[in-house]
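What follows is each chain in one-letter form.
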Amino acid sequence: MSTAPALTTIDSAQLQVLENVVPGPSENVALADSLGRVLSTPVICDLDYPPFDKAMMDGYAVRSADLSAAGSGDRSLRVAGQIAAGTEARHVLGAGQATQINTGAPVPDGADAVVRVEDTELSGDGSTVTVKTAVSPQQHIDPRARYVSAGTEVLEAGTRMGPAQITAAAAAGADTVAVYAKPRVAILATGDELVPFTQRPTGARIRNSNGIMLQSLVSECGAEPIDLGMAGDDKDLLTERIRQTHGFESVGFADVLCITGGISVGAFDYVPEVLESCGVRIVFRKVAIKPGKPALFGIGPSGTLVFGLPGNPVSGYVVFRLLVGPALEARQGRAGRLPTAISARLMGHCKATTDRQSYWPVRVHSDSEGTLRAERLAWAGSGDPFGFCRANALMVRQPHSPAAEPGDVVGVIPLELL
Ligand code: AMP
Ligand code: MG
């Protein structure tokens, strides 16, 4: 075993992880398959948008000069033609004329304004239309290239594709996009006590809930989980699993390996020494956070990023969010995307912290005055996934913070959209 390692601060641990991550390769995917992926190349709009002067209302295309004297003179125009959306305007609008036009249709040459149908009155025979409001040039027209002109970068590299970004890419003419390859993350749960979560445990056994937790966290980060199942607390078996399955020998099988359990100081916590014997260079083993003090990071012989996470589910979750998530972001070209806290007012009490940065599950909501409130949750500690699953944020408190009272401002890291 290595000598007792010092505690690394969370800031330093995050820096040490990020120093060892380079962006992965990129690939082209169909835009329809790009949800949740991260652009490795910007998206450029291939045409002016809108591509033509476009009517924004149903009504009449007019020449504003014909109607500039609001409320005075003859405000009747001769109706000359009709332009539907998708139809090109064939005629030039002459003096004293109006053209029926629909939202999205091209404004004909000669016209410089659109009057809403609600502001007009059509004669009984449909030959003339009376305009009942003042008309100013360009009203209700989106001129060509108003939003962007051809060649404009509309999505920058590093953008994660959501519905709004996919919409913009489609409008810009990107039927495929270049994205970072999904980091491949192998997940191994260790512990003699584990049974698959699909089974009912008996005696001293418990369900392996961490395996599927990590798979979900990995997927949420836009990466691809590779389930390596479970291994017992046995040096030889662990060595075999680690050597055979995660790619130290078959280079490139996984970019990242996450192992849960067995990394602390218990008699059967063999993971650190087995990793070292497999050639992993351990960068740190303990981080000054609570929960999650045993948190290992190392580099495998072929560059695999190796994370050892504590077996307690909430500890593992917290360590993933603080260390593994940022590594997966960086691998997808988003270095420096670290979880950051926003301010909320505490509901309830919170005891003073120790020498470790501390995290508590909280439920954050906005009150009627618009203040964010962080509600403490009934939670039995790092082994309790049930109290934790109601949380939508982690309250974070610095080491050596005094006890906090109701109304105190505290930092919270959102875990989902608040
Ligand atoms: P360890 O990190 O191996 O010392 O385990 C710490 C605690 O987490 C123990 O109570 C384990 O039973 C529990 N634990 C370990 N692995 C898992 C897992 N895969 N799923 C749920 N609980 C686990
Ligand atoms: Mg264990």
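Further up the page is the structure itself.
Anyway, here's the lowdown on the structure attached to this text. Every value quoted in this text rests on a predicted model; they were computed, and no experiment measured them. (Residues numbered from 1 in each chain as written. Chains lettered and ligands numbered in written order. Predicted model: local features only at pLDDT ≥ 70, side-chain atom pairs only at ≥ 80, totals over all residues. Heavy atoms only, no water.)

Turning our eyes to something else, we now look at the overall build of the chain. What the chain contains, in helices and strands, is seven helices and 26 strands. For 418 residues, the compact-globule formula gives about 22 Å, and the C-alpha radius of gyration of the chain, at 31 Å, lies well above that figure. Projected onto its principal axes, the C-alpha coordinates of the chain cover approximately 95 × 55 × 40 Å. Expressed as a percentage of the 418 residues in the chain, the buried residues total 46%. A fraction of 71% describes how many contacts in the chain between residues 6 or more apart in sequence connect residues 24 or more apart. Carbon and sulfur atoms provide 51% of the accessible area of the chain, an area that totals close to 19,700 Å². (Helix = DSSP H or I, 4+ residues; strand = E, 2+ residues; numbered from the N terminus. Rg over C-alpha atoms; globule rule 2.2 N^0.38 Å. Buried < 20%, exposed > 50% of the residue type's maximum accessible area, 1.4 Å probe, protein only. Contact = heavy atoms within 4.5 Å. Areas by Shrake-Rupley, 256 points an atom, 1.4 Å probe, with all protein chains shown as cover.)

F307, L323 and Y359 are the most contacted members of the largest nonpolar core, which totals 41 residues. Of all elements in the fold, only helix 1 (10-19), strand 13 (184-190), helix 3 (210-220), strand 17 (256-260), strand 20 (294-299), strand 21 (305-309), helix 6 (313-331) and strand 25 (393-397) reach the threshold of two or more residues within this core. Once you skip the residues sitting within four places of it in the chain, L323 turns out to touch I10, A13, Q14, V17, F284, V287, A295 and F307. (Core = buried A, V, L, I, M, F, W, Y, C linked by side-chain atoms within 4.5 Å.)

In this section: the site of ligand 1. By nearness alone, 15 residues border ligand 1, and E193, N208, G262, G311 and N312 come closest of all. Within the contact set of ligand 1, an oxygen atom lies 2.6 Å away from a side-chain nitrogen or oxygen of E193. One of the side-chain nitrogen or oxygen atoms of N208 is found 2.9 Å away from a nitrogen atom of ligand 1. When ligand 1 is considered free in solution it has 480 Å² of accessible area, and contact with the protein chains removes 75% of it. A molecule is said to occupy a pocket when more than half its atoms come within 2 Å of that pocket's grid points, and by this definition ligand 1 occupies the second largest pocket. Those elements that provide at least two residues to the shell around ligand 1 are strand 13 and strand 15 (206-208). Ranked by residue count, the leading element in the shell around ligand 1 is strand 15, at three residues. Across the shell around ligand 1, the residue classes tally to four nonpolar, nine polar and two charged. (Near = heavy atom within 4 Å. Polar contact = N/O pair within 3.5 Å; in protein donor to acceptor, adjacent residues only side chain to side chain. 1 Å grid on protein atoms, 1.4 Å probe; cavity = no way out; pocket = protein on both sides within 12 Å on 5 of 7 lines; lining within 4 Å. Sits in = over half its atoms within 2 Å of the grid points. Nonpolar A, V, L, I, M, F, W, Y, C, P; charged D, E, K, R; others polar.)

Turning to a negative patch on the surface, a few remarks are in order. Together, D192, E193, D234, D236 and E240 give the surface a local cluster of negative charge. Structurally, D236 is set in helix 4 (residues 235-245). (Patch = residues over 30% accessible without salt bridge, like charges linked within 9 Å, V, L, I, M, F, W, Y side chains within 5 Å. Salt bridge = Lys/Arg side-chain N within 4 Å of Asp/Glu carboxyl O. Lys, Arg positive; Asp, Glu negative; His and termini not counted. Charge placed at Lys NZ, Arg CZ, Asp CG, Glu CD.)

Another aspect to go through is the pattern of salt bridges. Evaluated as defined, the whole model comprises eleven salt bridges. In this structure, R37 and E27 form a salt bridge, with 2.6 Å as the shortest nitrogen-oxygen distance. Linking R37 in the loop between strand 1 (26-30) and strand 2 (43-44) with E27 in strand 1, this pair joins segments that are ten residues apart in sequence. On the basis of relative accessible area, E27 is assigned to the partly exposed category, the value being 34%. Put simply, R184 and D255 hold a salt bridge, and the shortest N to O gap is 3.8 Å. In this pair, R184 sits in strand 13 while D255 sits in the loop between helix 4 and strand 17, placing the two residues 71 residues apart along the sequence.

The next point concerns the layout of surface pockets. Volume-wise, the largest pocket comes out at about 640 Å³. Residue lining of the largest pocket: 19 residues in total, with R321, E329, P339, P414 and L415 positioned closest to the centre. Contributions of two or more residues to the lining of the largest pocket are made by helix 3, helix 6 and strand 26 (409-414). Residues that form the lining of the largest pocket fall into these classes: ten nonpolar, two polar and seven charged. By volume, the second largest pocket amounts to about 530 Å³. As for the second largest pocket, its lining consists of 30 residues, of which E193, N210, G311, N312 and P313 are closest to the centre. Elements supplying a minimum of two residues to the lining of the second largest pocket: strand 15, helix 6 and helix 7 (385-388). It is strand 15 that provides the largest number of residues to the lining of the second largest pocket, a total of three residues. Looking at the lining of the second largest pocket, its residues break down into nine nonpolar, 15 polar and six charged. (Points joined across faces, edges and corners; volume = space filled by probe spheres on them.)

What follows deals with unusual backbone geometry. Looking along the chain, the bond that leaves Y49 and enters P50 is cis, with omega of -5°. Looking at the element boundaries, P50 is found in the loop between strand 2 and strand 3 (54-55). Put simply, K290 and P291 share a cis peptide bond, and its omega is 0°. For P291, the location among the structural elements is in the loop between strand 19 (289-290) and strand 20. With phi around 55°, H140 is a residue other than glycine that occupies positive phi space. Within the secondary structure, H140 sits in the loop between strand 9 (128-131) and strand 10 (141-142). H140 sits in the partly exposed class, given a relative accessible area of 26%.

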